There are 2 protein chains.
Amino acid sequence: MTSSGQPKNADILIHDAMVLTMDEERRFFENGSVAVSGDEILDVGPAEELEGNYQARRTIDGRNKILMPGLVNVHTHAPMNIYRGAADDLPLREWLYDHIFPLEAAFSSKLENLKAGLRLAIAEMLLSGTTMFKDMYFFTDELAAVVAETGMRAMLSEAVFDNATPSNGGGDKTLDYIDATIRNWQQHPLVRQGVAAHAAYTVSPELIVKAKDLARKHDTMFSIHLSENQWEVDTIRAMYGVTPVKHLENLGVLDRQTLAIHCVILSDEDIAILANTHTGVAHSPQCNMKLANGAAPVPDLLKKGVHVGVGTDGVASNNDLDMFDEIRSMSLLHKLTSNSTTVLNAREAIEMATITGAKAIGYDDRIGSLEKGKKADMIMLNLDKPHSKPFYNVYSSLVYSLRSSDVETVIVNGEVLVDQRQLQRMDLSAVYEDIERVAQEISAFQRRKQAR
Amino acid sequence: MTSSGQPKNADILIHDAMVLTMDEERRFFENGSVAVSGDEILDVGPAEELEGNYQARRTIDGRNKILMPGLVNVHTHAPMNIYRGAADDLPLREWLYDHIFPLEAAFSSKLENLKAGLRLAIAEMLLSGTTMFKDMYFFTDELAAVVAETGMRAMLSEAVFDNATPSNGGGDKTLDYIDATIRNWQQHPLVRQGVAAHAAYTVSPELIVKAKDLARKHDTMFSIHLSENQWEVDTIRAMYGVTPVKHLENLGVLDRQTLAIHCVILSDEDIAILANTHTGVAHSPQCNMKLANGAAPVPDLLKKGVHVGVGTDGVASNNDLDMFDEIRSMSLLHKLTSNSTTVLNAREAIEMATITGAKAIGYDDRIGSLEKGKKADMIMLNLDKPHSKPFYNVYSSLVYSLRSSDVETVIVNGEVLVDQRQLQRMDLSAVYEDIERVAQEISAFQRRKQAR
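Predicted, not measured: the structure shown is a model, and the values here were computed from it.

**Digging into the overall build of chain A**
Scanning chain A for helices and strands turns up 17 helices and 17 strands. Relative to a compact globule of 452 residues, whose C-alpha radius of gyration would be 22 Å, chain A shows 22 Å and is just as compact. In terms of principal-axis extent, the alpha carbons of chain A reach across some 70 × 50 × 45 Å. Look at the contacts in chain A between residues 6 or more apart in sequence, and 71% of them connect residues 24 or more apart. Surface summary for chain A: the accessible area is close to 15500 Å², and the carbon and sulfur share equals 46%.

Have a look at this one:
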């Protein structure tokens, strides 16, 4: 079916793909097309309906490929990519106090190191199908410029601590820095700024409230690591007599614009609080497993209507930023711990990695699904590999068989950033050169430490 | 350092790679080389020691790559690849009785279908770094010829049931078929035959003993699904008054040449029995999670000296044959369920996927490590990707960051079967054509079933 009138102009037309929209009705077009104009999706529908309706500057053949929304990684510490694999399989406190903290003290205060880690992280995320990441780390004003160069979408959140951080003196100094940073990036089409408090055991109640107030003032997201493990729950209970979730509720900082990261150890009351306050949750199953923290009660949270997104966390704990790997682990984990083969089915896993993740961080007005008027953030996966055959069900394939290396095309804000698995904007050899320099310094530091 | 004498002839010399030998001392050469002659490894060592000592017909540059033993997948149902993704996220009995069994009844008795599935499986395994698989299914005589064509190493085990199977009448008829099959393949360099009994709840004690006797007669492996879930334990206890492991011990069929598949639900006595009888164990963590069966007590088994290998199981339950994915899940799973960050560390995971797996199936005299005199089964992974950088530790990288798509070169029995990620012997388009035909029939069958 072609239109009777003149074809409309489009910048990109992807045609004859299997189009998984993740829209409200979860429409799936076995043979579909998507038209893009500028940074926006112009049209989505059956290929035969769009055919002839659009005159596109660029057409992309989608045959034997799945086109879907770009994945939304709701929790990362991207600049920490410089520490990937530097310390693994150690007791938790030894890992943190003898390795991660000393490494951060030595290397995270140098902006060039963090830029190298962030660029590597963005390259890794784009090549594995992530088009949006929500990051918590330091130097967010300076690092936002690095993100902007790459064409990636992100929200960066400077982490507030009571103590000094690598980027500034901590406490109110960090808040002043964030206040200025948010203003600097308010108008940027791709990079936004949020506010983060590290955790309830490293940030005083007063400072948590101030940080949330700052986020409210700028109408942006507030995020905080919350109830990650039993130690944290015991510690907060000893300090304040309540669970970490109840503590934050008492402080009045839980609402639609707060993202609670981890939420592994939750009481029924905690779950009810998160649901009633419409707090978003970031779930990092691989990190929670690797650090032996437990399995977050995700099926219960979803049942109560909590928006649970998926985050890989930083590579220091999880070792990659691969969302396909993360959701496969997630789906298997909750079947095991729920003792049910039907829990966290493949469709729910894809929802969490796209539209529900977007809802958790307040981005669902612009991303998370392929719909007319939304930003053109989308990925296309090639099905022409032995592990992707045969093909019976799109959700099963995506979660249980396909992998990040099947992502062939990545479009962010209407720009093709990955084409035929090649990064279009980033110079990988320069990224590798910078990383090699930092890695050698880190290796030398570790050898010196071992020798002592 | 070069030799003083004449260089020796070699067929292949891989030079300047990071060589992870997995030999007794777990030697790792940061800059190493491996020489191959015919089907055997001629030499392994530092690159400067081998340089000049060998005149090779073919040299392969190993710079910035990890060379290691090919992965040993100790439990598959490879022909079932035709059913990948046909039924997921269903209650266990519905999945089995309403989907898998009807599919097998309709499609597994047609040899052409199984050939298509097996070829697809071998392509998938080779491209993901597996060089040896131990399979349990039907028509093992006919299907061995398919394996032989591909150049892959395998042991096939025809499954004995009390009832008829897709390939024959079951019981003694199956045993006669296996007896002939083993003779037919006794001299083949790559494909061997074992004997399998499906499980203690589908095979009578008498038939289990007969099957094991047949394996003993031919000095080959006997394998059986064992203690996969609580239902099986309850069932066997109701039938025989003991645990499945104790039942098999009572039958006298547990020894060094028996592979017990799954072993999820084990008592302390069961673990002791497996250790004392030197029974090998196949561990399939992703399948056990996806089917909500539980977490096998692998750390305890390893502590008692049991040889535990890794198997992906068939794709009907696990959806891929990816060993890298499997060992990452395995390492995370046991940290979670053991509540310890140090359990099943990256080195142990690689051991299980190589040398320990080879021990579990009685193949460690010829594969599982890179050592002079062993068969030349090895794989090389490219480190030139964002997710593989930086590089600090070879085990951490292999288990927590690298993935099957990083496997670039695969050598089996001295033959390069994958070069630059391209299959050298198999014609993928023919494999895909056959699979497409079977998949369309299966889809039509499923639609008819739904319509009823």
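**So, the pattern of salt bridges**
Two side chains bearing opposite charge may form a pair once their charged atoms approach each other closely. Residues and elements named next belong to chain A. With the rule as written, the count across this model stands at 67 salt bridges over all chains. The salt bridge involving Glu 351 is made with Arg 26; its shortest N-O contact spans 2.8 Å. Here Glu 351 is found in helix 14 (residues 346-353), whereas its partner Arg 26 is found in the loop between strand 1 (8-20) and strand 2 (28-37), with 325 residues between them in sequence. What makes Arg 26 buried here is its relative accessible area of 18%. The partner of Lys 290 in a salt bridge is Asp 88, and the shortest N-O contact between them spans 2.6 Å. Highlighted residues: Lys 290 in helix 10 (residues 285-290) and Asp 88 in the loop between strand 6 (71-76) and helix 2 (92-107), separated in sequence by 202 residues. Beyond isolated ion pairs, a larger network of salt bridges with shared partners links Lys 212, Asp 213, Arg 216 and Asp 255.

**Focus on helix 8 (residues 244-251) of chain B**
All names here are of chain B. Turning to helix 8, its buried residues are Pro 244, Val 245, His 247 and Leu 248. Burial along helix 8 is one-sided: seen end-on, the buried residues are contained in an arc of 160°. Among the structural elements, helix 6 (205-217), strand 10 (222-226), helix 7 (230-240) and helix 9 (268-277) are those in contact with the buried residues of helix 8. Positive phi appears at Gly 252, one or two residues downstream of helix 8, with a value of about 75°.

**What about the pairing of strand 15 (residues 407-412) of chain B?**
Residue and element names in this part refer to chain B. Extensive coverage of strand 15 is indicated by the burial of six of its six residues. In this structure, strand 14 (residues 378-382) lies alongside strand 15, joined through four bridges in antiparallel fashion. Bridging from a neighbouring strand, Ile 379 pairs with Val 410 of strand 15. With three bridges connecting them, strand 15 and strand 16 (residues 415-419) associate as antiparallel partners. Paired with Ile 411 across the two strands is Val 416, which belongs to strand 16. Where strand 15 folds back on strand 16, the antiparallel hairpin that results is connected by two residues, among which Asn 413 adopts a positive phi of roughly 55°.

**Section: the relation of the copies chain B and chain A**
Screw-axis analysis of chain B against chain A gives a translation of 0.0 Å along the axis, an RMSD of 0.0 Å, and a rotation angle of 180°. Each copy turns onto its partner about a two-fold axis. Comparing interface residues between copies, 100% of those in chain B also sit at the interface in chain A, which points to an isologous, same-surface contact.

**Overview of the side chain of Ser369(A)**
Residue and element names in this part refer to chain A. Relative to the helices and strands, Ser 369 resides in the loop between helix 15 (355-360) and strand 14 (378-382). Side-chain polar atoms of Ser 369 contact the side chain of Lys 374, separated by 2.8 Å. Those residues in contact with Ser 369 that lie beyond four places of it in its chain are Thr 21, Met 22, Asp 23, Ile 41, Pro 69, Ile 355 and Lys 374.

**Describing the domain arrangement of chain A**
Residues and elements named next belong to chain A. For chain A, the assigned domains read domain 1 (8-68 + 379-420) and domain 2 (71-360). Using only C-alpha atoms to locate each centre, domain 1 and domain 2 end up separated by 29 Å. Opposite the 21 residues of domain 1 that make contact, domain 2 presents 27 residues. Buried area between domain 1 and domain 2, both sides added, is near 2000 Å², and the carbon and sulfur share of it is 69%. Our count for the contact surface shared by domain 1 and domain 2 stands at one salt bridge. Run the count over domain 1 and domain 2 and you get six residue pairs in polar contact (both at pLDDT 80 or more). Sorting the residues of the side of domain 1 that touches domain 2 by element identifies strand 14, helix 16 (394-401), strand 15 (407-412) and strand 16 (415-419) as the ones contributing at least two each. The biggest single contributor to the side of domain 1 that touches domain 2 is helix 16, with five residues. A class-by-class count of the residues in the side of domain 1 that touches domain 2 yields 16 nonpolar, three polar and two charged.

The rules behind each value
- Residues numbered from 1 in each chain as written.
- Chains lettered and ligands numbered in written order.
- Predicted model: local features only at pLDDT ≥ 70, side-chain atom pairs only at ≥ 80, totals over all residues.
- Heavy atoms only, no water.
- Helix = DSSP H or I, 4+ residues; strand = E, 2+ residues; numbered from the N terminus.
- Rg over C-alpha atoms; globule rule 2.2 N^0.38 Å.
- Contact = heavy atoms within 4.5 Å.
- Areas by Shrake-Rupley, 256 points an atom, 1.4 Å probe, with all protein chains shown as cover.
- Salt bridge = Lys/Arg side-chain N within 4 Å of Asp/Glu carboxyl O.
- Buried < 20%, exposed > 50% of the residue type's maximum accessible area, 1.4 Å probe, protein only.
- Arc of directions from axis to C-beta.
- Pairing = 2+ DSSP bridges.
- Least-squares fit on C-alpha atoms with pLDDT ≥ 70 in both.
- Polar contact = N/O pair within 3.5 Å; in protein donor to acceptor, adjacent residues only side chain to side chain.
- Domains from an automatic or database assignment.
- Buried area = accessible area lost by both parts, 1.4 Å probe.
- Nonpolar A, V, L, I, M, F, W, Y, C, P; charged D, E, K, R; others polar.

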